Amino acid sequence: MENIKKLNKIFFLDLIIVILSCFSFVFLNYLIVKFIHPNTQSILNNIKDIIIPVQTLRFIPEPLEKIQYIATIFFAPIIIFSLIIIVYKLFENYTPSNKLLYSVFFSFLIITGVFFAYVFLKDYINNYIYIYNGFGNFSSKHFFLFGFFFYLFFICPLSYYLVFTRRKFLQFIFIFFLSITVIVVLISIFLMNIFNLGMIEHVKLFHFNPVYYPFTQIIQDKYLIIDTFSAYGLYPEFLRPIFNVIGLNVLKFTIVFSSLTIISFLLAFFFLKNIIKNKIILLCGYLSFLYSFYLQIKLYLFSRYSINYNVFDIDTYFQYVPIRIFFILLVLFLAGFYFKNHNKISYYGCHLLSALAILWNFETGLIVFLAWLLTLIYQELYNHNFKSKIKKIAQHMLISIISFSGIIFLYSFYIYLNTKQFLDPIDFFSTIVLFLNLGLGAILLKFFHPWLILPIIYIIGLLIPIKKIVTQKKANFKTKTVLLVTLIGIGIFSYYQGRSHNYTLYGITYPAIFLLTIWADSLLKYVKRYK
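Residues numbered from 1 in each chain as written. Predicted model: local features only at pLDDT ≥ 70, side-chain atom pairs only at ≥ 80, totals over all residues. Heavy atoms only, no water.

Here we look at the overall build of the protein
For the record, the criterion: Strands here are runs of E lasting at least two residues and helices are runs of H or I lasting at least four, both read from the DSSP assignment and numbered beginning at the N terminus. Only protein chains enter the accessibility calculation, which uses a 1.4 Å probe; a residue is then buried when its area is under 20% of its type maximum, exposed when over 50%, and partly exposed in between. By definition, residues are in contact when any of their heavy atoms lie within 4.5 Å. Every accessible area reported is derived by Shrake-Rupley at a probe size of 1.4 Å, with residue values counting cover from the shown protein chains alone.
Looking only at helices and strands, the protein has 20 helices and zero strands in total. The buried share of the protein, taken over its 531 residues, is 47%. Relative to all contacts within the protein whose residues are 6 or more apart in sequence, the contacts with residues 24 or more apart total 76%. Here the protein has roughly 28,000 Å² of accessible surface; of this, 70% comes from carbon and sulfur atoms.

What follows is the structure, given as structure tokens:
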């Protein structure tokens, strides 16, 4: 009974910290908007000097949003750390009653429900993917509501029952069904992105061409940055040996990229499998990842164009999957083993891969590189010997710097051997300047929108590891993994912050889905222990 009261108190205090953190971040951003007024017009004037006028309208600089985003990231650990100390000190001798706990919990559910009802029904969101009015006579709003209630009143209770039932045979049948579903879904994902030149008229070329074009150049022995251009990083150089062997055409290209997509998704599965004990939660969480992150947008776009416009359309969007997720999931997979067993191969492998990721795709590569380094620094904060702590932190930083510098040197040497020219770093960052600083294709954030759920999840993701430091409880491998996933989630949110399109939101949800799945497994352990 005492343990239950202690857990109830922790839940109550953590909920207060999360709520106060949300209000603190809102207040921080209000102050930024009120007192900081960047000169957007000067950025637009600079754009006119380098871009032909007809294209200038595509640029929407977002200096204020970027300041808000960076400031929120910078102050987040400080605010959460301070609130943990203050709240736990103020309520040190207070134990909440069950009545208060239930009131707070159900109030949270009601407020959340009202918020999402408002968001989904508000005029400006009517074309949001969930409630897009299409499907001929059968609106997808009805389709969404059917799926929502089917999940709420059938799948969810069934999963809950099977998790707790002692009938092992029923659990086995359900796990077998989920496993077959996973296999079918993965095979479907692999096949849906494969096509040949004869189907090119059905392909969204404005998404396909920027990814395919660099390969048409490197197959002619041209080299990126020196001879030609790649909008999404140096990934074609990594794949050059494959296409030198098999040759290049649309079919071979899509097979290779579909294979990379499946490898990425398999890495995600084995990453979760290494952390999550309950097989039902593992498979349900993984299917949620496949559907919410990838399949939902695919099915939506297919239904929208094929049913509403009688057009069969293929939108591969390889520039996100696998390009922007491959190295992130590879590092997460290896990091899970390192945090669990402190395996040196995994440790040095993560350093090497996170450095390579910067060349593969700079935006996501830099995020996973910094997230990995910050998580290593975090794990050394538990070292009570100050000199040893500083030494270990310096060692992690030095290995990261050596890994990155070594990769840059080797790539520069490789380019020089083949072209007799030196790399110009400015050319490597040319597209980043267009998108990040000048706002090419940018869309401003809307405040009332489902993206708001992600910061709440990441606040919890920061709260758990920071609280371990405050309470001086050593973090286990799961806590370190949660921190790494959270930092990656916060980092890749910049992609949505820059281009706040509803479609873009789906591409940044997977760290949040991973966190929710991990926490569901942890919660199950406590429920079974104290039920």
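And the narrative resumes.
A short note on the nonpolar core
Selection rule: As used here, the term nonpolar core means buried Ala, Val, Leu, Ile, Met, Phe, Trp, Tyr and Cys residues forming a set that is joined through side-chain atoms within 4.5 Å.
In this structure, F257, F265, Y286, F289, Y510 and F514 are the most contacted members of the largest nonpolar core, which totals 130 residues. Broken down by element, this core gets its largest block of residues, 12 residues, from helix α9 (residues 250-273). Leave out the neighbours within four places in its chain, and Y510 touches F289, F293, Y320, R324, I325, I328, L329 and I492.

Observations concerning the packing of aromatic side chains
Short version of the rule: What counts as a ring pair is set by centres within 6.5 Å for rings of Phe, Tyr and Trp (its six-membered ring), and what kind of pair is set by the plane angle: stacked under 30 degrees, edge-to-face over 60, tilted for all other angles. By definition here, charges over rings are those cases where NZ of Lys or CZ of Arg is within 6 Å of the ring centre and within 35 degrees of the ring normal.
Inspection of the entire model under this criterion finds 53 aromatic pairs. With a centroid separation of 5.8 Å and an interplanar angle of 55 degrees, the aromatic rings of F215 and Y235 are classed as tilted. Of this pair, F215 sits in helix α7 (residues 205-218) while Y235 sits in helix α8 (residues 235-246), and the two are 20 residues apart along the sequence. Per residue, the accessibility class of F215 equals that of Y235, and both read buried. For the cation-ring pair, R240 lies above Y223, with the distance from its terminal atom to the ring centre recorded as 4.1 Å.

Describing helix α11 (residues 326-341)
Stated formally: To estimate how far a helix should reach, multiply one less than its number of residues by 1.5 Å.
Between the first and last C-alpha of α11 there are 23 Å, a value that for 16 residues agrees with the 22 Å anticipated at 1.5 Å per step. For α11, a buried count of 12 out of 16 residues is recorded, marking the element as mostly surrounded by other parts of the structure. Along α11, the residues classified as buried are F326, F327, I328, L329, L330, V331, L332, L334, A335, G336, Y338 and F339. Looking at the residues trailing α11, positive phi occurs at H342, about 50 degrees.

Describing the confidence of the model for the protein
Short version of the rule: As a per-residue measure, pLDDT reflects the predictor's confidence and takes values from 0 up to 100.
Per-residue pLDDT for the protein has a mean of 83; in total, 80% of the residues score no lower than 70. Per-residue pLDDT, averaged within each element of the protein, yields its smallest value for helix α5 (residues 140-164) (58) and its largest for α9 (96).

Description of the side chain of Q217
Tracing the backbone shows Q217 in helix α7. The residues contacting Q217, other than those within four sequence positions of it, are K222 and T228.

Thoughts on unusual backbone geometry
Here the residue pair V321 and P322 is connected by a cis peptide bond, since its omega of 15 degrees sits within 30 degrees of zero. By secondary structure assignment, the location of P322 is in the loop between α10 (279-308) and α11. If you check the backbone angles, I225 has positive phi at about 80 degrees while not being a glycine. Positive phi, normally seen in glycine, also occurs at K420, with a value near 60 degrees. Mapped onto the elements, K420 comes out in the loop between α14 (386-419) and α15 (425-428).

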